[in-house]
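# Inside the fold
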Amino acid sequence: MIKKEIKDFSDIFNKIKDGCPILVCGNKDDYNAMMINWGGFGYLWDKNVAFIFVRKDRYSYNFSEKYDNFTLSFLENQSPHIKEIFGLKSGKDIDKFKASNLHPCLDIDNNMISVSEAKMVLKLKKLVSIDLEKSNYSSLIIKEFYNDKPYHMLYICEIKQFLVGE
Ligand SMILES: Cc1cc2nc3c(=O)[nH]c(=O)nc-3n(C[C@H](O)[C@H](O)[C@H](O)COP(=O)(O)O)c2cc1C
């Protein structure tokens, strides 16, 4: 047998890491969008699932706690401008869609928002929220990623729909 890099096991690792999708939580009247690239995909409780990590200081955290429906929109090209707006700016300060060349897309049936320009969209339903408390982390991770910064909430979500642009 030939030894391969673990990352070559499947492309799903790169989908979230390099794809930097935009997570939208909420409904048409009340939603927020931010870029993510931590997380993953898997199979749990007989369902296809996505693992989403939202840090508690994000404005999005208010929405991810309040609502059960999320979307993940993957864009063809992730420009620095999009990254700067959706990955650095907060929805409590600006309307990120207005500030960018992206547009919200309403799914009327499910009252969910995704990104119109996406080449691929996953529609998610929250199944479990897990508070990742400090006591459960290894000290190495705390030192490298947290220190005094807020910790993450983990949402395990069922992948309800997978849409690909025409
Ligand atoms: C490439 C990239 C990946 C990111 N991944 C995550 C993530 O997985 N989870 C998270 O909570 N924040 C992540 N962020 C940070 C948020 O996108 C950023 O803090 C954003 O401004 C939060 O917006 P909000 O305050 O409107 O929720 C990422 C940022 C970038 C640039």
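Please refer to the structure placed before this passage.
Everything in this summary refers to the structure shown in the same document. No experiment lies behind these values; they were computed from the predicted model shown. (Residues numbered from 1 in each chain as written. Predicted model: local features only at pLDDT ≥ 70, side-chain atom pairs only at ≥ 80, totals over all residues.)

## Remarks on the overall build of the protein
To keep it simple, the criterion reads: Note on conventions: DSSP H or I runs of at least 4 residues are helices, E runs of at least 2 residues are strands, and numbering of each starts at the N terminus. Only C-alpha atoms enter the radius of gyration; for comparison, a globular chain is expected to reach 2.2 Å times N to the power 0.38, where N is the number of residues. Remark: C-beta atoms are placed from the backbone, and a residue is labelled buried if 20 or more other C-beta atoms sit within 10 Å of its own, exposed if 12 or fewer do, or partly exposed between those counts. Residue pairs are scored as contacts if the distance between their C-beta atoms, which are placed from the backbone, is within 7 Å.
A count of helices and strands for the protein gives five helices and nine strands. Moving toward the C terminus, one meets the helices and strands of the protein in the order α-β-β-β-β-α-β-α-α-β-β-β-α-β. For 166 residues, the compact-globule estimate of 2.2 N^0.38 gives 15 Å, and the protein sits close to it at 16 Å. Overall, the protein is about 45 × 45 × 35 Å in size when its C-alpha atoms are taken along their principal axes. Here the protein holds 166 residues, and 28% of them are scored as buried. Contacts in the protein between residues far apart in sequence, at least 24 positions, make up 66% of those at least 6 positions apart.

## Things to note about the pairing of strand 8 (residues 120-131)
Quick note on the threshold: The criterion for strand pairing is that DSSP finds at least two bridges linking the strands in question.
Direction of pairing for strand 5 (residues 69-74) relative to strand 8: antiparallel, over a ladder of six bridges. For asparagine 69, the partnering residue across the bridge sits in strand 8 and is lysine 125. As judged from the 11 bridges shared by strand 8 and strand 9 (residues 152-164), these two strands associate in the antiparallel manner. Across the sheet, the residue bridging to lysine 126 is cysteine 157, located in strand 9.

## Remarks on the sheet that holds strand 1 (residues 22-27)
Either a parallel or an antiparallel arrangement is found when strands of a sheet pair, and the pairing is made through backbone hydrogen bonds. Basically, it comes down to this: Axis geometry follows a simple rule: fit a line to the C-alpha atoms, using only the stretch in contact for helices, then measure angles between N-to-C directions, giving values from 0 to 180 degrees.
Read from one edge of the open sheet, seven strands run 2-1-5-8-9-4-3, paired in antiparallel fashion. Since the sheet does not close on itself, it has two edges, and those belong to strand 2 (30-35) and strand 3 (39-44), each with one partner. Averaged over all pairs of adjacent strands, the angle between their axes in this sheet comes to 30°, without regard to strand direction. The pairing of strand 1 with strand 5 spans four bridges and is classified as antiparallel. Within the sheet, the bridge partner assigned to valine 24 lies in strand 5 and is threonine 71. Against the sheet, helix 3 (residues 80-88) contacts strand 1 and strand 2, and its axis sits at roughly 125° relative to strand 2.

## Digging into the site of the ligand
The following threshold applies: Any residue whose backbone-placed C-beta atom lies within 6 Å of a molecule or strand is treated as near that molecule or strand. In this classification, the charged set is Asp, Glu, Lys and Arg, the nonpolar set is Ala, Val, Leu, Ile, Met, Phe, Trp, Tyr, Cys and Pro, and all remaining amino acids, among them Gly, are polar.
Around the ligand lies a shell of 20 residues, among which Tyr59, Ser60, Gly87, Ser90 and Gly91 are the nearest. For the shell around the ligand, the elements supplying multiple residues, two or more each, are strand 2, strand 4 (47-55) and helix 3. Looking at side-chain class alone, the shell around the ligand contains nine nonpolar, seven polar and four charged residues.

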